[in-house]
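Here is what each chain is made of, one letter per residue.
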Amino acid sequence: MIIEVDYFQHKDYILVPVHIGENIDKIKVKFYAWIYDKNNDHKYWIYRNGIKDGLLVNTEGLVYWLNNHYLNNTQETVVKVESTPDIISKAEKRIWF
């Protein structure tokens, strides 16, 4: 299933297993909980004076989290796909960031 990831100024597209696509709104809430948790030392933190001060929330981070934390070593994977007219027309769901 293809999901449109909408940042208002640009859009990315990800190819996900159907069960993720069907539940993407609930899954996004779990992603937010992970990425905003200051106890998680992921590479998406922006530091100011050595302190976690902001986040870079992007499609690469979502794909990373889905593959390494949500799907966690299953055979299934999520990939970012090129936004061609064919891909755009096949998007079945949209999430906003």
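Keep in mind that what you see is a predicted model, and the values were worked out from it rather than measured.

The rules behind each value
Residues numbered from 1 in each chain as written. Predicted model: local features only at pLDDT ≥ 70, side-chain atom pairs only at ≥ 80, totals over all residues. Heavy atoms only, no water. Pairing = 2+ DSSP bridges. Helix = DSSP H or I, 4+ residues; strand = E, 2+ residues; numbered from the N terminus. Core = buried A, V, L, I, M, F, W, Y, C linked by side-chain atoms within 4.5 Å. Buried < 20%, exposed > 50% of the residue type's maximum accessible area, 1.4 Å probe, protein only. Contact = heavy atoms within 4.5 Å. Axes fitted to C-alpha atoms, helices over the stretch in contact; angles between N-to-C directions.

Draft legend 1. Examining the pairing of strand 2 (residues 11-15) more closely. Relative to strand 2, strand 1 (residues 2-6) runs antiparallel, the two being bridged by 5 bridges. The residue bridging D6 from the neighbouring strand is K11, located in strand 2. Hairpin remark: strand 1 followed by strand 2, antiparallel, with 4 residues in the connecting loop; positive phi at F8, about 70 degrees.

Draft legend 2. Molecular detail of unusual backbone geometry. Phi is positive for F8, close to 70 degrees, though the residue is something other than glycine. Structurally, F8 is set in the loop between strand 1 and strand 2. Its identity is not glycine, yet N49 carries a phi of approximately 55 degrees, on the positive side. Positionally, N49 belongs in the loop between strand 3 (45-48) and strand 4 (51-55).

Draft legend 3. Spatial organisation of the nonpolar core. Core analysis: the biggest nonpolar cluster contains 23 residues, and I14, I20, L62, L66 and V78 have the highest contact counts within it. Here this core gets 5 residues from one element, more than from any other, and that element is helix 2 (residues 24-36). With near-sequence residues (within four places) excluded, L62 lies in contact with V5, I14, F31, I95 and F97.

Draft legend 4. Here's a closer look at the sheet that holds strand 2. If you walk across this open sheet you meet the 4 strands as 5-2-1-6, and the pairing is mixed. Both edges of this open sheet fall to strand 5 (79-81) and strand 6 (91-96), since each of them pairs with a single strand only. Between one strand axis and the next, the sheet turns through 35 degrees on average, direction left out of account. Here strand 1 runs beside strand 6; their pairing, made up of 5 bridges, is parallel. The residue of strand 6 that forms the bridge with E4 is R94. Relative to strand 2, helix 3 (residues 59-70) is tilted by about 20 degrees, and along the sheet it contacts strand 1, strand 2, strand 5 and strand 6.

The values are spatial; any link to function lies outside them.
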